Amino acid sequence: MKNLVLYLTINYPTREKFFEILDIVEEFQIGYVEIGIPVSDPYIDGSIVRESQEKVFSTLSIKEIDSVLQEIRERYTFKVILMTYNEGVEEFKLGQLSKTRYDAILCVDKKLPEDNFSGLVHTFTKNMDKEAINNQLAKSSQFVYLVSGEGKTGEFIQLPKDYVDIVPYLKANTQLPVFVGFGVKNSTDIASILANGADGAIIGSEFIKRFNEGGISSIKEYLSKIRSVY
C-alpha cells in the first residue's frame, strides 16, 4: 500500500508500543508515515490526536526525537514525514535535525524555509486560488496533502467531498501523488477517493482509534480490510 499515509504521534502510547505499531505498518508495506511531533495546543486536530499528544508531550526532547528517527531509519522502509505546528518546530529545534532522519516535514500553521528541512509537505484546499496552488506545488515534496473538507481531524461523521473538484487541476500540474486526508475512516472512503481521481489516502485519527480500542490485532485487521481496495 505505497499510496497510503498513516499518522502516528511519536512514542504513543509508549516508545515500545510505538515501534510495535510500526512493525505492523512495515509488514503491510505502507508507503508513508506521518510522525506527529506534539505541541501544547494542536488546535487543528480532534480529541483522539490531541489526547495522544498530551500523553507524550512532556516526555520528549530533541535528543529523544533524534533517537527515535534514527531507529526508524535503521528498521523500516517507509517514508517519514514529520507533522507538527510551528510550536513543535521551535520547542524541539527540528531545524537542527539531520536531514537524513526524515523525508519531509508538514507544519500546519507556518510556511517553513525550504533550506532548513529535507523537504516540505503542504496542505491544499478547495478554497485556494490557482496562483496559491501553483506556488505551493513548486515547493512541495513527497506528496500533495489535499484536505477533504473544513473541520478538525477525527471529527467528521462522513468523508467530505469538497476536494473532488480540485483533483483534476492538481493532477494536471504536478507529478507528485495526490493524497486526500481528513475524515478518511475505512476502505469505502478510500475507494471513493480513488474513484474521484486521487492517488491515495491519509488516515490519522481513525488509525489511532482502532489501536486504542483493540491494540495490535485490531490495526492488523483494519489494514487487511484497507488492503482490499489498493
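On a predicted model such as this, the values are computed, not experimentally measured, just so you know.

A. Summary view of the overall build of the protein. Helix and strand counts for the protein stand at eight helices and eight strands. In terms of overall dimensions, the protein is globule-like: its C-alpha atoms have a radius of gyration of 16 Å, near the 17 Å expected for 230 residues. Overall, the C-alpha framework of the protein stretches about 40 × 40 × 30 Å when taken along its three principal axes. For the protein, the proportion of its 230 residues judged to be buried stands at 52%. Long-range contacts, defined here as pairs at least 24 residues apart, represent 64% of the contacts in the protein between residues at least 6 apart. Accessible surface, the protein: about 10,200 Å² in total, of which carbon and sulfur atoms supply 45%.

B. Spatial organisation of the pattern of salt bridges. Enumeration over the complete set of coordinates arrives at 11 salt bridges. Here E71 ties to R15 by a salt bridge, and the two come within 2.7 Å at their closest N and O atoms. Of this pair, E71 sits in helix α3 (residues 62-75) while R15 sits in helix α1 (residues 15-27); the two residues are 56 residues apart in sequence, bridging distant segments of the chain. E206 is the partner of R210 in a salt bridge, and the nearest nitrogen-oxygen pair spans 2.8 Å. Of this pair, R210 and E206 both sit in helix α8 (residues 205-227), separated by four residues, roughly a single helical turn. Of the residues examined, R210 reaches a relative accessible area of 24% and is grouped as partly exposed. Taken together, the salt bridges that share partners define one network made up of R15, D23, E64, E71 and R75.

C. Expanded view of the sheet that holds strand β7 (residues 178-181). With respect to topology, eight strands assemble into an open sheet ordered β4-β3-β2-β1-β8-β7-β6-β5, the strand pairing being parallel. Either end of the sheet is taken by a strand with one partner, and the two such strands are β4 (104-107) and β5 (123-124). α8 rests against β1 (4-9) and β8 (200-203) of the sheet, and its axis sits at about 155° to β1.

D. Spatial organisation of the packing of helix α2 (residues 47-56) against α8. In the contact formed by α2 and α8, the axes pass within 9 Å of each other and the chain directions differ by 65°. Taken as axis vectors, α2 and α8 run roughly perpendicular relative to one another. Viewed along their axes, α2 and α8 form a crossing whose handedness is left-handed. Contact residues: α2 offers I48, V49 and S52, while α8 offers S205, I208, K209 and N212.

E. Summary view of the layout of surface pockets. The volume enclosed by the largest pocket comes to roughly 710 Å³. Taken together, 43 residues line the largest pocket, and the ones lying closest to its centre are I44, T123, Y145, V147 and F182. Going through the elements one at a time, α2, β4, β6 (144-147), β8 and α8 are the ones with two or more residues in the lining of the largest pocket. Of the residues that constitute the lining of the largest pocket, the class distribution is 19 nonpolar, 13 polar and 11 charged.

F. Structural detail: the packing of α1 against α8. Contact pair α1 / α8: the axes reach a minimum separation of 10 Å and the direction vectors enclose 35°. Viewed along their axes, α1 and α8 form a crossing whose handedness is left-handed. Here E20, I21, I24, V25 and E27 of α1 come into contact with α8, specifically with F207, F211, I216, I219, K220 and L223. Taken together, the residues of the contact of α1 with α8 sort by class into eight nonpolar, no polar and three charged.

G. Broad picture of the side chain of N11. Here N11 lies in the loop between β1 and α1. The residues contacting N11, other than those within four sequence positions of it, are F18, V56, L60, E64 and V68.

What counts as what
Residues numbered from 1 in each chain as written. Predicted model: local features only at pLDDT ≥ 70, side-chain atom pairs only at ≥ 80, totals over all residues. Heavy atoms only, no water. Helix = DSSP H or I, 4+ residues; strand = E, 2+ residues; numbered from the N terminus. Rg over C-alpha atoms; globule rule 2.2 N^0.38 Å. Buried < 20%, exposed > 50% of the residue type's maximum accessible area, 1.4 Å probe, protein only. Contact = heavy atoms within 4.5 Å. Areas by Shrake-Rupley, 256 points an atom, 1.4 Å probe, with all protein chains shown as cover. Salt bridge = Lys/Arg side-chain N within 4 Å of Asp/Glu carboxyl O. Pairing = 2+ DSSP bridges. Axes fitted to C-alpha atoms, helices over the stretch in contact; angles between N-to-C directions. Parallel < 35°, antiparallel > 145°, perpendicular 65-115°, else oblique. Left-handed = near helix turned anticlockwise from the far one by under 90°. 1 Å grid on protein atoms, 1.4 Å probe; cavity = no way out; pocket = protein on both sides within 12 Å on 5 of 7 lines; lining within 4 Å. Points joined across faces, edges and corners; volume = space filled by probe spheres on them. Nonpolar A, V, L, I, M, F, W, Y, C, P; charged D, E, K, R; others polar.

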